[in-house]
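The residues making up each chain are set out below.
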Amino acid sequence: MKVNILAFGITKDIFGSSSVAIDLANDATISNLKYLLEQEYPKLKQLATYMVAANNEYALDGDTIHERDEIAIIPPVSGG
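Bear in mind that the values here come from a model prediction, so they are computed numbers and not experimental data.

Reading the values: rules and limits
- Residues numbered from 1 in each chain as written.
- Predicted model: local features only at pLDDT ≥ 70, side-chain atom pairs only at ≥ 80, totals over all residues.
- Heavy atoms only, no water.
- Helix = DSSP H or I, 4+ residues; strand = E, 2+ residues; numbered from the N terminus.
- Buried < 20%, exposed > 50% of the residue type's maximum accessible area, 1.4 Å probe, protein only.
- Contact = heavy atoms within 4.5 Å.
- Areas by Shrake-Rupley, 256 points an atom, 1.4 Å probe, with all protein chains shown as cover.
- Lys, Arg positive; Asp, Glu negative; His and termini not counted.
- Charge placed at Lys NZ, Arg CZ, Asp CG, Glu CD.
- Pairing = 2+ DSSP bridges.
- Salt bridge = Lys/Arg side-chain N within 4 Å of Asp/Glu carboxyl O.
- Core = buried A, V, L, I, M, F, W, Y, C linked by side-chain atoms within 4.5 Å.
- Phe/Tyr/Trp six-rings, centres within 6.5 Å; stacked < 30°, edge-to-face > 60°.
- Lys NZ or Arg CZ within 6 Å of the ring centre and 35° of its normal.

1. Considering the overall build of the protein
Here's step 1: In terms of regular secondary structure, the protein is built from two helices and five strands.
Here's step 2: Once the C-alpha set of the protein is aligned to its principal axes, its extents read approximately 40 × 25 × 20 Å.
Here's step 3: When burial is assessed residue by residue, the protein has 38% of its 80 residues classed as buried.
Here's step 4: Across the protein, the fraction of contacts at a sequence separation of at least 24, relative to all contacts at a separation of at least 6, is 49%.
Here's step 5: Split by element, the accessible area of the protein, about 5,100 Å² in all, is 48% carbon and sulfur.
Here's step 6: Across the protein, the centroid of the 6 positively charged side chains sits 7 Å from that of the 11 negatively charged ones.

Here it is, written out as structure tokens:
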């Protein structure tokens, strides 16, 4: 299945775009997605932490991704 990934903050710079499309297996999890993204975009591993949101809610590594899910990568946020 092809999934569209939205990027925010520094992840837009890492991806070179505000969104990227990635092919995943039908039973892919958030952990699978992170692994594939880190292989495709090694600079993503340099972030201290980042979160993945699915359908406007933070997702856990074991959560399954569905074809029509809206996925977003949320970089670390600092305030001031």
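2. What to know about unusual backbone geometry
Here's step 1: Phi is positive for asparagine 55, which is not a glycine, with a value near 55°.
Here's step 2: Position of asparagine 55 among the secondary structure elements: in the loop between β3 (51-54) and β4 (57-58).
Here's step 3: The backbone of asparagine 56 shows a phi angle near 70°, a positive value even though the residue is not glycine.
Here's step 4: Here asparagine 56 is to be found in the loop between β3 and β4.

3. What to know about the pairing of β3
Here's step 1: The sheet contact formed by β3 and strand β5 (residues 71-74) spans four bridges and is antiparallel. For alanine 54, the partnering residue across the bridge sits in β5 and is isoleucine 71.
Here's step 2: Pairing geometry for β3 and β4, over two bridges, is antiparallel. Bridging across to β4, alanine 53 finds its partner in tyrosine 58.
Here's step 3: Adjacent in sequence and paired antiparallel, β3 and β4 are bridged by two residues, among which asparagine 55 carries a positive phi angle near 55°.

4. Some details on the pattern of salt bridges
In a structure, side chains of opposite charge can pair up when their charged atoms sit close to one another.
Here's step 1: If you walk through the whole model with that rule in mind, you get two salt bridges.
Here's step 2: Across the salt bridge formed by aspartate 23 and lysine 2, the nearest N and O atoms sit 3.6 Å from each other. Of this pair, aspartate 23 sits in strand β2 (residues 19-23) while lysine 2 sits in strand β1 (residues 2-7), placing them 21 residues apart in sequence.
Here's step 3: Aspartate 61 is the salt-bridge partner of lysine 34, the closest N and O atoms lying 3.0 Å from each other.

5. A word on the nonpolar core
Here's step 1: Ile5, Phe15, Leu24, Leu33, Leu37, Ile65 and Ile71 are the most contacted members of the largest nonpolar core, which has 23 residues in total.
Here's step 2: Residue assignment for this core shows that the elements contributing at least two residues are β1, α1 (10-15), β2, α2 (30-40), β3 and β5.
Here's step 3: Sequence-distant contacts of isoleucine 5, that is, excluding residues within four places in its chain, are made with Phe15, Ser18, Ser19, Val20, Ile22, Leu33, Leu37, Ile71 and Ile73.

6. Side note on the packing of aromatic side chains
Working definition: an aromatic ring pair is given by the centre-to-centre distance plus the angle between the planes.
Here's step 1: For the structure shown, the criterion picks out one aromatic pair.
Here's step 2: One cation-aromatic arrangement involves lysine 34 over tyrosine 50; the distance from NZ or CZ to the ring centre is 5.5 Å.

Everything listed here is a matter of coordinates, which is why it stays silent on function.
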